[in-house]
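Residue-level listing of the chains:
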Amino acid sequence: MVAAIWYSASSQAGNQVHGMAGHGASETATAASADPRIGDVLAKWWGFDRLRPLQAEAIQAALDGRDSLVVMPTGGGKSLCYQLPPLVGGTTDVVVSPLVALMKDQVDALEAIGYPAAAIHSGMSQEEREQVRDRLAAGELRLLFAAPERLVNTGLLDLLARVGVKRFSIDEAHCISQWGHDFRPEYRQLALLRERFPQASVHAFTATATPRVRDDIAAQLSLRAPELLVGTFDRPNLCYRVVPRADRTAQTLEVLGRHRGEASIVYCISRRETESLAARLAAEGILARPYHAGLDARQRHATQEAFAHETIDVVVATVAFGMGIDRSDVRLVLHTSLPKSLEAYQQETGRAGRDGLAAECVLLYSSADVFSWESLVRKSAEESDLEPDEIARLIAGQTEHLHAMRRYAQAARCRHAALSEYFGQSYGTAPCNACDVCLGETENLPDSTVVAQKIISCVARVGERFGVRHVAEVLRGSKTEGIQRHGHDRLSTFGLLAALDQRAVENLAHQLLDQGLLARTGGDRPVVTLNDRSWEVLRGARDVVLLEPRAGRTKATKADVDDWRGVDRDLFERLRLKPAWTIFDDKALRGIARDKPTSPAGLLRVKGIGERRLADFGAAILDIVAGKEPAA
Ligand code: ADP
Ligand code: ZN
């Protein structure tokens, strides 16, 4: 059972362009004009010493009441752009968010720093909702979170008009676009905001970068000459690796071994896989749990909470897991199967290292996944109630996304450069020092050309009538029933690669398919065939480079080393052991373990410690730094 949901474009509505005048006018704004109050609020409430790129511009646009469209990768710090402005002017602002879990996480985090925020959603009792409305009417709230349908359908807008709301922020704004990868029809109703609140400014936030989606957002929300702020998509603290998949479980264990006791997300495609893999990891003593859309809401919630509160380290999940995660210290995102697009990959890996510290993203790649996705794309499109030409377009579009993903996995070039360029940003040619290719970890198989010749000739010997598995079995010399029935144990290629295991041989065959050195038929039972290039290899007219089909050795990245410089690791571990302190991210704790402050003033100088946290935890932290057990 596949849990990933393919977006199907059932809506015919509007790709007509309106209200686009001036869209895209200014890619850069000057931060010089920035309000000095911004820095004060930032230090006092969040304990941050500076804004990240584009945050200043986005916040200034909000303060000036100019519409904006902010495109920043996941983890770039979009939320601060709408959380900070209402504190400066004492206004009540509204944030539209697609998921209850997302809203709750943000409200919890804001309440922890004493920020007056609330969400209003269907999971609350009538009474709780009344309470929020009362606080709203009394002008107590700086920020109100709501889902689009609740915002426009419940008379809430009348109340917002009465309290004089002047600013709306639309989070995950790509949900409004049918060209996005996550269309939500209810977002379309937000067009109403402009009509009902002509005086208010509207600010859209998304991590989806394609120009078509951006234009659609601006048009659907009728943004007025929006300030377009596009962030850098590269995440320099993430180290990307692609490893040919040979043994999913063994490789997962190996990668997790580098992240003992650290927050990790392992993505699988099917629900069944998440459960069996989580059970295997648990059997190895790893604190892991599965997560997928087939579990009931209570179980899902319990797992999310356990992960958020660090009672488990690893979540083995389908892509259903992620939207609501606000754990900034995820050190590993491991994909055991190919994601369906680079957009999805960027978003899922974006959950790693949101605290800015080094984190690792590993993709276990097998081209077998491309075949599975292709047949799934076809099946789900054909089963939809779309017109034939729409089906064809849907299949073509999704296949295009899939092949961009495949090319990324196969290319032996810098991963940072490949990702940046896909998202329309040039990266340069200098080695990134944070990907398997630049670190020189990708290992070529010795005698690749000879091995390729063995595989290709075996495909020829079995008459180009069998799939990858059978061909690999023949090469390995397996005496399966099928091989004996066809007399394939008498072929000259029988047992030629007996030294390798079945998965490795299959992986090598898939690499040849990926490079176009073998072909295959379509359909449910694809058969491997030869093409012109296969013959060139057999004739010795073409050299082949194959990657060693197992996890390569990995090196420490520069970021890894820098992030730990001067940090007292024992002290860091002692600080981390405080369960009630999960609200501190690793960066703040490492800062403490590096600076070892002896006074409240010193503690306040550590990034991530604001006045509220100083008041709540200062004494206890200073006790631990001084080597004493804190009282509470
Ligand atoms: P996004 O919504 O863009 O995915 P978030 O708003 O969740 O990203 O921010 C990601 C992380 O970065 C959070 O842990 C947040 O506290 C932190 N962060 C945001 N802005 C700053 C800043 N100016 N200085 C330090 N940390 C920041
Ligand atoms: Zn690189």
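What counts and how
Residues numbered from 1 in each chain as written. Chains lettered and ligands numbered in written order. Predicted model: local features only at pLDDT ≥ 70, side-chain atom pairs only at ≥ 80, totals over all residues. Heavy atoms only, no water. Helix = DSSP H or I, 4+ residues; strand = E, 2+ residues; numbered from the N terminus. Buried < 20%, exposed > 50% of the residue type's maximum accessible area, 1.4 Å probe, protein only. Areas by Shrake-Rupley, 256 points an atom, 1.4 Å probe, with all protein chains shown as cover. Right-handed = clockwise from strand over helix to strand, strands pointing away. Salt bridge = Lys/Arg side-chain N within 4 Å of Asp/Glu carboxyl O. Phe/Tyr/Trp six-rings, centres within 6.5 Å; stacked < 30°, edge-to-face > 60°. Lys NZ or Arg CZ within 6 Å of the ring centre and 35° of its normal. Donors = N, O, S within 2.8 Å, 3.2 Å for Na, K, Ca; no water. Tetrahedral: all angles 85-135°; square planar, octahedral: opposite > 155°, others 65-115°. Pairing = 2+ DSSP bridges. Axes fitted to C-alpha atoms, helices over the stretch in contact; angles between N-to-C directions. Contact = heavy atoms within 4.5 Å. Near = heavy atom within 4 Å. Polar contact = N/O pair within 3.5 Å; in protein donor to acceptor, adjacent residues only side chain to side chain. Nonpolar A, V, L, I, M, F, W, Y, C, P; charged D, E, K, R; others polar. Core = buried A, V, L, I, M, F, W, Y, C linked by side-chain atoms within 4.5 Å.

Caption draft 1: Structural context of the overall build of the protein. Helix and strand content of the protein: 27 helices and 15 strands. The burial tally for the protein puts 54% of its 632 residues in the buried class. For the protein, the exposed area adds up to about 27600 Å²; of that, 50% sits on carbon and sulfur atoms.

Caption draft 2: Geometry of the pairing of strand 3 (residues 117-120). Of the two faces of strand 3, the one carrying Ala 117 and Ala 119 and the one carrying Ala 118 and Ile 120 are both buried. With respect to chirality, the unit in which strand 3 leads through helix 6 (residues 126-137) into the neighbouring parallel strand 4 (residues 143-146) is right-handed.

Caption draft 3: Spatial organisation of the pattern of salt bridges. If you walk through the whole model with that rule in mind, you get 24 salt bridges. Residue Lys 607 pairs with Asp 49 through a salt bridge whose shortest N-O separation is 3.9 Å. Of this pair, Lys 607 sits in the loop between helix 26 (600-604) and helix 27 (611-625) while Asp 49 sits in the loop between helix 1 (36-46) and helix 2 (55-64); the two residues are 558 residues apart in sequence, bridging distant segments of the chain. Given the relative accessible area of 52%, Asp 49 is considered exposed. Among the salt bridges present, the one from Asp 436 reaches Arg 415, with a minimum N-O distance of 2.8 Å. In this pair, Asp 436 is assigned in the loop between helix 17 (415-422) and helix 18 (448-461) and Arg 415 in helix 17, connecting sequence segments 21 residues apart. A residue is classified by how much of its surface remains accessible, and Asp 436, at 2% relative accessible area, is buried.

Caption draft 4: Region of interest: unusual backbone geometry. One non-glycine residue, Leu 54, lies in the positive phi region at around 80°. Mapping Leu 54 onto the fold places it in the loop between helix 1 and helix 2. For Lys 596, which is not glycine, the phi torsion reads 45° and is therefore positive. Position of Lys 596 relative to the elements: it lies in the loop between helix 25 (586-595) and helix 26. The exposure class of Lys 596 is partly exposed, given its relative accessible area of 39%.

Caption draft 5: How the structure looks around the packing of aromatic side chains. For the structure on display, the rule yields 8 aromatic pairs. Joined through ring pairs, the aromatic side chains of Trp 45, Trp 46 and Tyr 115 make up one cluster. A cation over an aromatic ring shows up here: Arg 327 above the ring of Phe 307, its NZ or CZ 5.0 Å from the ring centre. Taking the ring centre of Phe 572 as reference, the NZ or CZ of Arg 590 above it sits at 5.7 Å.

Caption draft 6: Inspection of the coordination of the zinc ion (ligand 2) at higher detail. In this structure, Cys 414 (SG), Cys 432 (SG), Cys 435 (SG) and Cys 438 (SG) serve as the protein donors to the zinc ion (ligand 2), at separations of 2.3 to 2.4 Å. Coordination at the zinc ion (ligand 2) is tetrahedral, judged from the 4 donor atoms that bind it and the angles of 104 to 120° they form at the metal. Each donor residue of the zinc ion (ligand 2) lies on one chain, and together they are spaced C-x17-C-x2-C-x2-C. Linking Cys 414 in the loop between helix 16 (388-410) and helix 17 with Cys 435 in the loop between helix 17 and helix 18, this pair joins segments that are 21 residues apart in sequence.

Caption draft 7: Geometry of the environment of Leu 508. With respect to the secondary-structure elements, Leu 508 resides in helix 21 (residues 502-514). The buried category is assigned to Leu 508, whose relative accessible area is 0%. Sequence separation of Leu 508 and Ala 472 is 36 residues, and the distance between their C-alpha atoms is 9.2 Å.

Caption draft 8: Representation of the sheet that holds strand 6 (residues 201-206). With respect to topology, 7 strands assemble into an open sheet ordered 3-4-2-5-6-1-7, the strand pairing being parallel. Two strands lie at the open edges of the sheet, namely strand 3 and strand 7 (227-230), each paired on one side alone. Geometrically, the sheet is characterised by an average inter-axis angle of 15° between neighbouring strands, direction not taken into account. Here 4 bridges tie strand 1 (residues 68-71) to strand 7, and the two strands are oriented parallel to one another. Each residue of the ladder has a partner; that of Ser 68, found in strand 7, is Glu 227. Set on the sheet, helix 2 makes contact with strand 1, strand 5 (167-170), strand 6 and strand 7; between it and strand 7 the angle comes to about 160°. The strands that helix 10 (residues 211-220) touches are strand 1, strand 6 and strand 7; relative to strand 1, the one it contacts most, it runs at about 150°.

Caption draft 9: View of the site of ligand 1. Taken together, 15 residues surround ligand 1, and among them Arg 50, Gly 75, Lys 78, Ser 79 and Arg 354 come closest. Between ligand 1 and the protein, one listed contact pairs a nitrogen atom with a backbone N or O atom of Arg 50 at 2.9 Å. In the model, a nitrogen atom of ligand 1 is placed 2.9 Å from a nitrogen or oxygen of the Gln 55 side chain. Coverage of ligand 1 by the protein chains reaches 81% of its 570 Å² of free accessible surface. Examining the composition of the shell around ligand 1, we find that 3 residues originate from one element, helix 3 (residues 78-83), more than from any other. Taken together, the residues of the shell around ligand 1 sort by class into 4 nonpolar, 7 polar and 4 charged.

Caption draft 10: Structural view of the nonpolar core. Leu 151 and Leu 160 are the most contacted members of the largest nonpolar core, which has 105 residues in total. When residues of this core are assigned to their parent elements, the largest contribution, 6 residues, is made by helix 18. Ignoring anything within four residues of it in the chain, the contact list for Leu 151 reads Val 94, Val 96, Ala 146, Leu 156, Leu 157, Leu 160, Leu 190 and Leu 193. If you look at the next biggest cluster of nonpolar residues, it comprises 28 residues, including Cys 81, Val 107, Tyr 115 and Ala 117.

Caption draft 11: Representation of the sheet that holds strand 12 (residues 330-335) in the model. Strand order in the open sheet formed by 6 strands is 8-13-12-9-11-10, and the pairing between neighbours is parallel. Edge positions in the sheet fall to strand 8 (238-244) and strand 10 (288-291), since each of these pairs with one other strand and no more. Across the sheet, the mean angle separating the axes of adjacent strands is 15° when strand polarity is ignored. In this sheet, strand 13 (residues 359-365) lies alongside strand 12 in parallel orientation, the contact comprising 4 bridges. By the bridge assignment, Leu 334 is partnered in strand 13 with Val 362. This element, helix 11 (residues 248-257), spans strand 8, strand 9 (263-267), strand 11 (314-317), strand 12 and strand 13 of the sheet and lies at about 170° to strand 13. Along the sheet, helix 12 (residues 271-283) makes contact with strand 9, strand 10 and strand 11, crossing strand 10 at roughly 175°.

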